[in-house]
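Below are the chains, spelled out letter by letter.
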Amino acid sequence: MRTAKASSYAYIAPAFALLGLVLFAPVLYGGWFSLQNIRYGAPTGYAGFRNFERLLDDPDLADILLRTFVHTGASVVITIAISLALAVWINRLSPRFGYVVQIVVIVPWIISTVVAALLFRWVFLNDIGLAAWLARSIGINNFQPLTSPAGAMALLVAVSVWKRIGYAVIILLAGLKGIPDDYAEAACIDGASGWQIFRRITLPLLKTPLLLVAIVLTLSNINTVETPLVTTGGGPGDATRVLAISVYERAFVNFDLGGATALALLMFAGNILLVVAYVRLSKWKA
Amino acid sequence: MAAPSAPFRPKLGAAASLALVLPVAALVLVNLLPLVWGVLTSIKPESAIFAIPPQFFGFEPTAAHYERVFASGFGQSFSISIAYSIFAVMLALTLAFPAAYAFDRFDFPFRQGLFLLVVASIPLSLGAAALLIPNYVYFVHLGLVNTPIVLPLIYAAHQLPMVIWVMKGTMEGIPRELDEAAIVDGASRFGILRHVMLPLARPAFGAAGTLAFVGAWNEFVAGSVMIDAPWLRPIQPLIYSFIGFFGREWGPLSAAATLAIVPILLIFALLGRLVVSGLTKGSVKG
Amino acid sequence: MKRHWTVKFALLAGLAAAVLGAGATEASAQTIRMWTFLNPAGNAPREKALAEIISAFEKANPGAKVAVEPQVWDQMTPKFLAATQQGTAPDVMWVITDLLGDTIKSGSLADLNKLFVDKWPAGQKKDNAGAYWDLCSVDGRQYCMFQSRNYIGLYYRPDLFKEAGIDAAKLTTWPAFIEAAKKLTVKDANGAVTRYGFGQAWSESQPDPQIVIPYILAKQGNLFDEKGHARFATPAGIEGLTLQTEMVTKHEVTPKLVTGWTVDDLYEQFSAGRVAMITGASVRVSTLQARMGKDKVGFMLFPGVDGKPNSPGVMAGWAVGVSSKSKNIDLAGKFVEFMGGPEADKIWVGVGGQTPGLASTAGTMPAFFADPANAYLAVAGKGASTAGWLAPIAFSVDGYRQLLNKAAQDVVVNGMTPKAALERAEREFQRRNNR
């Protein structure tokens, strides 16, 4: 049982003070900003919901949302599947070798996002890169992965997965290390197969780290503009134009600060709803 | 704490081992090749960087790109970023510790709701480029723009939700009997925090601290907008200055990026094991 | 044990505090702040030029100090607009052409006529005359001077031209250009193309103008009507986009990959010898020459239409002005004047490899301009004076290059007709700019 204690607020107040100052207050300010008429980068008067209404004028909005869903959904599912397998495997390795593999796994995650995406693109996708050169030297000449809409989306997902596997593996691995070995040993003696042990024992015990990973992966895939901007720039055509690119374009190509702020706020609201939905659906308790 | 027992590892069949080798080889290739390529690029003369066929050896190594990087103020940005990141990590840990304790041990009105609020602020901490101008204006109003404390404050707030999550998780694994025993011995709540929880939560400090350090170190948007004075400029804007208006300059870009991952690799080399054991306790609870 | 690690934490905190507290600088009344994307501490040619100019200025004005605060180039102009409102703007600002109109209209820049132009002797204004000067003149006020002038034309490989017997000066029509591009396209024994004749960059991230734009400008004189409406889906536009996309689909002198290439990719392809000609910006010639050798990078204007020798290339660059909120406005004006003056122009050209801003500069550096490796400066200069186009600043035209690139992608990847693709681009342009 938790101790009932009114002075608890003193314990959490400092943390909330910082969150309020740096994270919550700017959102409120952004909310005010989005209701203003923005001219030349400065608010010039109350505009009501005009900035929000203008968002609906975008005829591609539904397509953009669908592509965002495809990109994020595919990236999250694939990242979790691979990182779970990796984490389970690393967990079986000797500590020393496991540690080496762990370092290899986190490399893409610790390099600055833009540099990492640029390097990936150069080495694996560009036709003056290593992969294309290898392909040519074994007689494959039509190495043009980014020229088809489906191919471009697949590669964008690949880059997103590659960049974030390291983070997911670290958290899941930590979860796995916390599961006492005697559970699996006992089940093994009872004749359970490796898969059954994983399905019935390991997976349920990983719920908390899996939830954290799922939330962080979902949100970072939705919100990060660097990966799609560097990898495909939204093309070809509109094939990889996702929500993050749309916000970025409003802010830095069309300099529509009012619209960009409005859209960014709606995205925040959506993000928070997603978090709540994840927590509810997983029946997770704080 | 008890020494960890040897992990339980069921034997793998030969076929399964073989099935593992291929994906693992692919993983090593996909993760390390871009890194190796980046490091090689950083010591190549301009004329060799885009040579076809791609050159692994046989070029005259040069330190010119590193000289250029240091001439551009890399040393100052590197040290100030270390300072920012350490400050941010300490602040986040200091604020998160009592908050996590209260969320785990005490009961108070709105406990669930407030914890959900912490979780829901994860998307806010991802930092949206679209809110850059409203955010800038907000921090100008606070008088914090272009000061040494603005980035540590922002980074600490960005990392706080994750740190609270990880710490609370760890505390779930620390038996409450210890608290009660301490109270019987006449310890104050602060005494419990200081003498019981602090030593036992040490792994969580290491783990959350490491993850937070990586986050603060790699942050770009706030670092580029909130700072004007060169001596306050953190490392990521400096790296990205080599993807400038006049094009990306792979030589200095890869040199700067290579140097920038050294502190992270060091942190992982020193605290890597802590990361895993630190998150362990918190993640077990299903 | 526990003491041990808390002590370490405290030591780290102390270290961090020491570093944070160490570098505080004192700003005197004679210090002016400048925002630019150039870092005078760096050692790239333009950075060295800026550092030299600043030290020459400080020497000529004892007590004055110019503090450069390097910024991220694509964020700094919006940030400047916000900073002007908040009173945190620098004294001297570099403004990107795309946002110059907004910046002037917002009242963020001071009138240079009052600060120094009105005091100039008769010839000096004439020395500055040209399209860039005019772009900064609005309603009788002079808001800025350009410090970086860019001309979008074509890069070519002089060595490969020689090998194939092509004379760059004779490529004055598109058919002749296509013929040359075909000659320069090389296949290996398996029929795989090892080198393409003409590279382009159609990605939407930070694009430069591609050939549909000079084509439209040559045929109809503008891209927008006087109300700011796009004029893309016109007969000239359709012909231009057909020309641009048939380089891939019909003539096969451009790889389909260009749908995803950014400008940076394109320069890298050129550096790797994978393409013999590319669309390119005059400001980057010196960089590529340093990388590939001075004899391997040439610069020429776009072929012409209807008997004209050249089509207009798009000009752009960075305009430098004085903040209207500057507390040190006279000194800031003095510095902008100096940075655009004859002494500094010579440094920009000789050290920085930039095109001269003053008509008189070429005459004072005959040896420099006689060097064949620097011929591109004369070509860009000729283009700017005879066949150049600056995007209008009376209304915003943000995103037009992106939309025209997307139209090209739509044709090649999604099989749209040039007309349909351009109509879509036009509609989008109108919508995004609220017209």
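In this text, all values refer to a predicted model and were calculated from it rather than measured experimentally.

Turning our attention to the overall build of chain C. Of regular secondary structure, chain C possesses 20 helices and 14 strands. Its C-alpha radius of gyration of 24 Å places chain C within 12% of the 22 Å reference for a compact globule of 435 residues. In terms of overall dimensions, chain C has C-alpha extents of about 75 × 65 × 50 Å along its principal axes. Relative to its 435 residues, chain C shows a buried fraction of 54%.

This part takes up the overall build of chain B. Tallying secondary structure elements over chain B gives 14 helices and 3 strands in all. Taking all 286 residues of chain B together, the buried fraction comes to 55%. Considering only residue pairs separated by 6 or more positions, chain B has 79% of its internal contacts joining residues 24 or more positions apart.

Residues and elements named next belong to chain B. Per the domain assignment, the segments of chain B are domain 1 (16–62) and domain 2 (66–284). The gap between the C-alpha centroids of domain 1 and domain 2 is 32 Å. Facing the 6 residues of domain 1 at the interface are 6 residues of domain 2. Every element with two or more residues in the side of domain 1 that touches domain 2 is listed here: helix H1 (14–42) and helix H2 (46–49). Among the elements that make up the side of domain 1 that touches domain 2, the one with the highest residue count is H1 (4 residues). Each residue belonging to the side of domain 1 that touches domain 2 can be placed in one class, and the counts come to 2 nonpolar, 3 polar and 1 charged.

Attention now moves to the pairing of strand S3 (residues 92–96) of chain C. As a general feature of sheets, a regular strand has side chains that alternate between the two faces. All names here are of chain C. With 5 of 5 residues buried, S3 lies mostly within the body of the structure. Looking at chain direction, strand S1 (residues 31–36) and S3 are connected through 2 bridges and run parallel. Opposite Trp35, over in S3, you have Met93 as the bridge partner. Across 5 bridges, the pairing between S3 and strand S13 (residues 313–322) is antiparallel. The partner of Val95 across the bridge, within S13, is Ala319.

What follows covers helix H18 (residues 375–386) of chain C. For H18(C), built from 12 residues, the straight-helix expectation of 16 Å at 1.5 Å per residue is met to within 8% by its first-to-last C-alpha distance of 16 Å. Among all positions of H18(C), only C:Tyr376, C:Leu377, C:Val379, C:Ala380, C:Gly381, C:Gly383 and C:Ala384 are buried.

As a further point, take the confidence of the model for chain C. Per-residue pLDDT for chain C averages 91, and the proportion of residues at 70 or more is 93%. For this predicted complex, the interface confidence reaches an ipTM of 0.87, while the overall pTM sits at 0.90.

With 82 residues of chain B at the interface, the matching set in chain A holds 85 residues. Among the elements that take part in the side of chain B that touches chain A, helix H14 (residues 250–284) of chain B stands out by supplying 15 residues, more than any other. Broken down by class, the residue content of the side of chain B that touches chain A amounts to 62 nonpolar, 15 polar and 5 charged. Bridge count between strand S1 (residues 3–4) of chain A and strand S1 (residues 106–107) of chain B: 2 bridges; the pairing is parallel. Counted as the bridge partner of A:Thr3 is B:Phe106 from S1(B).

Residue and element names in this part refer to chain B. Judged by nonpolar contacts, the single largest core of 301 residues is most densely connected at Ala92, Ala96, Val163, Met167 and Ala208. The leading source of residues in this core is helix H4 (residues 74–105), at 21 residues. Excluding residues that lie within four positions of it along the chain, Met167 makes contacts with Ala96, Phe97, Ala100, Ala201, Ala204 and Ala208.

So, about the confidence of the model for chain B. In the predicted model, chain B carries a mean pLDDT of 85, and 88% of its residues have values of at least 70. Across chain B, element-level confidence peaks in H4(B) with a mean pLDDT of 95 and bottoms out in H14(B) with 76.

Residue and element names in this part refer to chain C. Across the interface, helix H11 (residues 235–249) lies against helix H20 (residues 418–432) with an axial gap of 9 Å and an inter-helix angle of 115 degrees. Regarding the angle of H11 to H20, the classification is roughly perpendicular. Considering the relative orientation of H11 and H20, their crossing is right-handed. On H20, the residues touching Gly237, Ile238, Leu241, Thr242 and Thr245 of H11 are Pro418, Lys419, Ala421 and Leu422. Looking at the contact of H11 with H20 residue by residue, the class counts come to 5 nonpolar, 3 polar and 1 charged.

Residues and elements named next belong to chain C. Among all positions in helix H15 (residues 342–350), only Ala344, Asp345, Trp348 and Val349 are buried. Around the axis of H15, the buried residues are gathered within 135 degrees of arc, so they sit on the same side. On its buried face, H15 sits against helix H2 (45–60), helix H14 (329–339), helix H16 (361–364) and helix H17 (366–370).

Residues and elements named next belong to chain A. Side-chain alternation along strand S2 (residues 36–39) places Gln36 and Ile38 on a buried face and Asn37 and Arg39 on a face that remains uncovered. Judged from the 3 bridges that link them, S2 and strand S3 (residues 42–46) form a sheet pairing that is antiparallel. The residue bridging Ile38 from the neighbouring strand is Pro43, located in S3. Counting the residues between successive antiparallel strands, the hairpin from S2 to S3 contains 2 residues, one of them, Tyr40, with a positive phi of roughly 50 degrees.

Okay, the interface of chain B and chain C next. Interface size is commonly expressed as the accessible area that is lost once the parts come together. Taken together, the contacts link 38 residues of chain B with 36 residues of chain C. Considering each element in turn, the side of chain B that touches chain C owes the most residues, 6 residues, to H4(B). Across the side of chain B that touches chain C, the residue classes tally to 25 nonpolar, 8 polar and 5 charged.

Let us look at unusual backbone geometry. In this model, A:Gly235 is joined to A:Pro236 through a cis peptide bond whose omega is -5 degrees. As for its placement among the helices and strands, A:Pro236 is situated in the loop between helix H11 (226–231) and helix H12 (243–252). The residue after B:Ile52, namely B:Pro53, is reached through a cis peptide bond having omega 0 degrees. Note that B:Pro53 resides in the loop between H2 and helix H3 (64–71).

Residues and elements named next belong to chain C. For chain C, the assigned domains are domain 1 (31–143 + 316–386) and domain 2 (152–312 + 395–432). Spacing between the C-alpha centres of domain 1 and domain 2 amounts to 30 Å. Where the side of domain 1 that touches domain 2 is concerned, the elements lending two or more residues are helix H4 (100–105) and H18. Broken down by class, the residue content of the side of domain 1 that touches domain 2 amounts to 5 nonpolar, 4 polar and 2 charged.

Residues and elements named next belong to chain B. In the contact formed by H4 and helix H11 (residues 202–217), the axes pass within 9 Å of each other and the chain directions differ by 140 degrees. By the angle class used here, H4 and H11 are oblique. Crossing of H4 against H11: the hand is right-handed. Between H4 and H11, the residues in contact are Ser81, Tyr84, Ser85, Ala88, Val89, Ala92 and Leu93 and Phe205, Ala208, Gly209, Ala212, Phe213, Ala216 and Trp217, respectively. Residues of the contact of H4 with H11, tallied by class, amount to 11 nonpolar, 3 polar and no charged.

A separate point is the environment of C:Gly228. Residues and elements named next belong to chain C. Topologically, Gly228 is positioned in the loop between helix H10 (212–220) and H11. Exposure remark for Gly228: the 16 C-beta atoms within 10 Å place this residue in the partly exposed category. Separated by 201 residues in sequence, Gly228 and Phe429 have C-alpha atoms that sit 9.9 Å apart. The contacts of Gly228, once residues within four sequence positions are left out, are Phe395, Asn433 and Arg435.

Below, the discussion takes up the environment of C:Asp306. If you trace the backbone, C:Asp306 turns up in the loop between strand S11 (302–303) and strand S12 (310–311). C:Asp306 sits in the exposed class, given 8 other C-beta atoms within 10 Å.

Cut-off values and rules
Residues numbered from 1 in each chain as written. Chains lettered and ligands numbered in written order. Predicted model: local features only at pLDDT ≥ 70, side-chain atom pairs only at ≥ 80, totals over all residues. Helix = DSSP H or I, 4+ residues; strand = E, 2+ residues; numbered from the N terminus. Rg over C-alpha atoms; globule rule 2.2 N^0.38 Å. Buried ≥ 20, exposed ≤ 12 C-beta atoms within 10 Å, placed from the backbone. Contact = placed C-beta atoms within 7 Å. Domains from an automatic or database assignment. Nonpolar A, V, L, I, M, F, W, Y, C, P; charged D, E, K, R; others polar. Pairing = 2+ DSSP bridges. Expected span 1.5 Å × (residues − 1). pLDDT = per-residue confidence, 0-100. Core = buried A, V, L, I, M, F, W, Y, C linked by C-beta atoms within 7 Å. Axes fitted to C-alpha atoms, helices over the stretch in contact; angles between N-to-C directions. Parallel < 35°, antiparallel > 145°, perpendicular 65-115°, else oblique. Left-handed = near helix turned anticlockwise from the far one by under 90°. Arc of directions from axis to C-beta.

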